[in-house]
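Chain by chain, the residues run as shown.
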Amino acid sequence: IEDPCKFVSANDLTRLANELPIPILADGWFETAVDVYNLARINVIGAVSVKINKTGMTQALQLINFCEMAGLQVVIGTNTESRVGTLPMIHVWSAFKNLQTIPSETGFYRHLADDVFEGELKYEKGHVHVPDAHGFGAQLNEKKLKKYSV
């Protein structure tokens, strides 16, 4: 259950977690790895949604490593990314075998009318292909980039 409510205290969260039949997915309840550590320490979460565009790459990798050590599942979460923003998520998800046991949230870009990404992400049998071009593999459409520049 993803962030089922806003909690006031660790005691309230502990009581809630003990009453739920499935683990809580921490999504908006944390800002740092220390916050996740504190939630894990009181045994109230079973999984964490890591949003790379919120945490940055370094902190995302720290969170993933901590969760792996703590036995917490990780979801690569979405935060309204375009296809360009989705590429780092795909690379991180594919780099950690333990992340591949549950789906990630990498499809928000499909809700956008347009973006500056050139080409298409390739999917086959329910899996996305990780681009092997430079960086994260983003090719930009120069005309669209100019069109959407402020």
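Residues numbered from 1 in each chain as written. Predicted model: local features only at pLDDT ≥ 70, side-chain atom pairs only at ≥ 80, totals over all residues. Heavy atoms only, no water.

### Section: the pairing of strand E2 (residues 47–50)
Quick reminder of the rule: Burial here depends on accessible area, computed with a 1.4 Å probe over protein chains only, as a share of the maximum for the residue type. Under 20% is buried, over 50% is exposed, and the range in between is partly exposed. Only DSSP runs of H or I reaching four residues or more are called helices, and only runs of E reaching two or more are called strands; each is numbered from the N terminus. By definition, two strands form a pair when at least two bridges between them are found by DSSP. Crossovers are described as right-handed under a simple rule: with the strands pointing away from the observer, the path leading from the first strand over the helix to the second runs clockwise.
Burial along E2 is two-sided: Ala 47 and Ser 49 facing one way and Val 48 and Val 50 facing the other are all buried. Pairing between strand E1 (residues 25–26) and E2: two bridges, direction parallel. Residue Ala 26 lies in a different strand from E2, and its bridge partner there is Val 48. Handedness of the crossover is the feature at issue here: the chain leaves E1, passes through helix H2 (residues 33–41), returns alongside E2, and the resulting connection is right-handed. Strand direction decides the pairing type here: E2 and strand E3 (residues 73–76), joined by four bridges, are parallel. Opposite Val 50, over in E3, you have Ile 76 as the bridge partner.

### Examining the pattern of salt bridges
Applied cut-off: The salt bridge criterion pairs a side-chain nitrogen of Lys or Arg with a carboxyl oxygen of Asp or Glu, the two atoms within 4 Å.
Considering all chains together, one arrives at six salt bridges under this definition. Close ionic contact of Asp 27 with Lys 51 constitutes a salt bridge, the shortest N to O distance being 3.1 Å. Within this pair, whereas Asp 27 is found in the loop between E1 and H2, its partner Lys 51 is found in the loop between E2 and helix H3 (52–55), the two being separated by 24 residues in sequence. The residue Asp 114 makes a salt bridge to Lys 144 at a minimum N-O spacing of 2.8 Å. With Asp 114 in the loop between helix H5 (83–95) and strand E4 (123–124) and Lys 144 in helix H6 (residues 142–148), this residue pair connects regions lying 30 residues apart in the sequence. Judged by its relative accessible area of 24%, Lys 144 is partly exposed. Taken together, the shared-partner salt bridges connect Arg 83, Asp 115 and Glu 120 into one network.

### Regarding the packing of aromatic side chains
We count it as follows: Aromatic pairing here means that ring centres of Phe, Tyr or Trp (its six-membered ring) are within 6.5 Å. Orientation follows from the plane angle: under 30 degrees is stacked, over 60 is edge-to-face, and everything else is tilted. Charge-over-ring contacts are defined here by two conditions on Lys NZ or Arg CZ: a distance within 6 Å of the ring centre and an angle within 35 degrees of the ring normal.
Evaluation of the coordinates by the stated rule reveals one aromatic pair. Look at Tyr 37 and Phe 66: their rings are 6.0 Å apart centre to centre, the planes differ by 65 degrees, and that puts the pair in the edge-to-face class. On the criterion of sequence distance, the pair formed by Tyr 37 in helix H2 and Phe 66 in helix H4 (residues 57–70) is long-range, its members being 29 residues apart. Classification of Phe 66 by relative accessible area gives buried; the value is 18%. In this arrangement the basic side chain of Arg 110 is found over the ring face of Tyr 123, its NZ or CZ atom lying 4.7 Å from the centre.

### As for the environment of Gly 46
We apply this condition: The criterion used for residue contact is that any of the two residues' heavy atoms lie within 4.5 Å.
Residue placement: Gly 46 occurs in the loop between H2 and E2. Remark: the alpha-carbon pair of Gly 46 and Ile 24, spanning 22 residues in sequence, is separated by 5.6 Å. Excluding anything up to four places from it in sequence, Gly 46 contacts Pro 23, Ile 24, Leu 72 and Gln 73.

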